[in-house]
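Residues per chain are reported as follows:
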Amino acid sequence: MQAADVCTTQQAAEILGISVTSVQQLVEAGVIEAWKTRGGHRRIPVAAVHAYKSGYTQHSQDMRDTRAPRPGKASGADALASILVIEDNPMERALYQQQIASWGLPARLRFCENGYQALMEIARDQPDILLSDIMMDGIDGYEVIRTILDDPLLADMHIAMLSSLPPQALEDRGGVPEGVVFFAKPVNYDELRGYLRACCAAHARRGASA
């Protein structure tokens, strides 16, 4: 294989528009083919990078093409707001499940364990409200949120980030994006309950006026 046929993790990250860490995680998970040189440097076939990129792009587009439009929702389960939580820690997922279920919100709750799974789920069935951890293996919360904010079809989604990152670490990563709410971990559940109630009320108003 010639040099032009392979690339570094940095070059792969630039092609895919994601972080080097995310590329490394995709490689380690076997999603993208790669090998290491004798010097320990990872090399990735350019064709494998483009195959992953085109496969994900096509999958997302297919899901959008077949996704039902979001008209006003009048009654029953369709009137409920959809909440998607991205959290890789099973104990925290269980705690969110217990807390949010106890609040009696007019909402359906579902979970994803990582950013890649979340992007697939969002493309299949867009949630009304997204709660996302930041630090996750592979595609992290920042990359999921950036993808959503760059997509006009997802513009009406309520988004909140939940993280234990200190303020300076957040600033080093670009801060909290405009229009996104931030909750520091450990989460103040009274504040989170108030936020979700407001989001559900906004969803109900939008459905009633559509």
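Calculation notes
- Residues numbered from 1 in each chain as written.
- Predicted model: local features only at pLDDT ≥ 70, side-chain atom pairs only at ≥ 80, totals over all residues.
- Heavy atoms only, no water.
- Axes fitted to C-alpha atoms, helices over the stretch in contact; angles between N-to-C directions.
- Helix = DSSP H or I, 4+ residues; strand = E, 2+ residues; numbered from the N terminus.
- Parallel < 35°, antiparallel > 145°, perpendicular 65-115°, else oblique.
- Contact = heavy atoms within 4.5 Å.
- Nonpolar A, V, L, I, M, F, W, Y, C, P; charged D, E, K, R; others polar.
- Pairing = 2+ DSSP bridges.

1. A short note on the packing of helix 1 (residues 9–16) against helix 2 (residues 20–28)
Between helix 1 and helix 2, whose axes approach to 8 Å, the crossing angle comes to 105°. Here helix 1 is positioned roughly perpendicular relative to helix 2, judged by the angle of their axes. For the pair helix 1 and helix 2, contact is made by Thr9, Gln10, Ala12, Ala13 and Leu16 and by Val20, Val23 and Gln24, respectively. Classifying every residue of the contact of helix 1 with helix 2 by side-chain character gives 5 nonpolar, 3 polar and no charged.

2. Some details on the sheet that holds strand 6 (residues 129–133)
By way of backbone hydrogen bonds, the strands of a sheet pair with one another, either parallel or antiparallel. Taking strand neighbours across the sheet as the criterion, the 5 strands line up as 5-4-6-7-8 in an open arrangement whose pairing is parallel. Two strands in the sheet have a free side with no partner beyond their single neighbour: strand 5 (107–112) and strand 8 (181–184). Taking the axes of each pair of neighbouring strands and ignoring which way they run, one obtains an average angle of 20° across the sheet. As paired elements, strand 7 (residues 158–163) and strand 8 share 4 bridges and run parallel to each other. Residue pairing for strand 8: Met161 is matched across the bridge by Phe182.

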